[in-house]
Amino acid sequence: KAYAKAVGNYEALQKVRIRESLMHLTGGSVQQAYIQNDKEFPVENFSCPKLWGLINRSIRQDTMILVEPIEVNNDDLAGFAEGKEGTTNESTATETGLGGSISDANFGGEAEHSFQQGRLYSIILTRIIDGSEVVLMHDPWSQPGEQAWKGDWSIGSSKWDVNNGEYLDEVEMDETISWKREYPAGYFWIPLKSLRKYFNSMHLNKLFPKEKF
């Protein structure tokens, strides 16, 4: 209600872009990047070092990181179902609007995810687990007990059971991590390569804490 008053009225809220709302609500400085841009974030040896470096650097510098799932049209879904690669580019990222969930067909198996179009998901922190670059994200949109991510390093992934659960114990004993496998509380781990595959538009919201500025 306060924000609607600040921008004029409730109708005006529909015209406010993500970067504008983040700037108004936090007083921060906002930049946007498209993580599927091969020129800016090239893939090297099945990894994306520039994207990994940007995320880690942003977390260290008091930056809120919000990413938006890519749009998948009917042709893309049909391509996945037939075992073909779908097409995505930076023009598919939406700035505003609400939509339904999207899913990738995982080639005959259960849908690998149910991320919702037009919604923003937060990147909280990163870790290298068993040699894999993984990202902890927060999902405020799924219902309690539901998980939007069902691929590698999700709560149902067998990767947590390797070495008698050694990696699971290491993560759950870390007091800086809010996630627990039995009680994820809206958080989920996702490989960096999957983050880049299913998300594109990323907003980097540099915060300025009062105790520092």
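Residues numbered from 1 in each chain as written. Predicted model: local features only at pLDDT ≥ 70, side-chain atom pairs only at ≥ 80, totals over all residues. Heavy atoms only, no water.

### Side note on the confidence of the model for the chain
So, point 1. Across the chain, pLDDT averages 85, with 82% of residues at or above 70.
So, point 2. For residues 77-108, every residue scores under 50 in pLDDT, and the model assigns this stretch 61 contacts once sequence neighbours within four places are set aside. (pLDDT = per-residue confidence, 0-100. Contact = heavy atoms within 4.5 Å.)

### Concerning helix α3 (residues 18-26)
So, point 1. Among the residues of α3, those classed as buried are Ile18, Ser21 and Leu22. An end-on view of α3 places all buried positions within 100 degrees of arc, on one side of the element.
So, point 2. Tucked into the core, α3 has its buried residues touching α1 (2-7), β1 (29-34), β2 (63-69) and β6 (199-206).
So, point 3. Once α3 ends, the next one or two residues include Gly27, with phi positive near 75 degrees. (Buried < 20%, exposed > 50% of the residue type's maximum accessible area, 1.4 Å probe, protein only. Helix = DSSP H or I, 4+ residues; strand = E, 2+ residues; numbered from the N terminus. Arc of directions from axis to C-beta.)

### A closer look at unusual backbone geometry
So, point 1. The backbone of Asp62 sits at a positive phi, close to 55 degrees, despite the residue not being glycine.
So, point 2. Of note, Asp62 is situated in the loop between α4 (49-60) and β2.
So, point 3. At Trp153, a residue that is not glycine, the phi angle is positive and equals roughly 70 degrees.
So, point 4. Of note, Trp153 is situated in the loop between β4 (132-138) and α6 (166-172).
So, point 5. Trp153 sits in the buried class, given a relative accessible area of 2%.

### Observations concerning the nonpolar core
So, point 1. In terms of nonpolar packing, the biggest core is built from 25 residues, with Phe115, Met137, Leu195, Phe199 and Met202 touching the most fellow members.
So, point 2. In terms of residue count, α4 provides more of this core than any other element does, four residues in total.
So, point 3. If we ignore the near neighbours within four places in the chain, the residues touching Phe199 are Ile35, Gln36, Val67, Glu68, Pro69, Ile70, Phe115, Tyr121 and Met137.
So, point 4. Val134, Trp153, Trp160 and Trp179 belong to the second-largest nonpolar core, a separate cluster that totals 13 residues. (Core = buried A, V, L, I, M, F, W, Y, C linked by side-chain atoms within 4.5 Å.)

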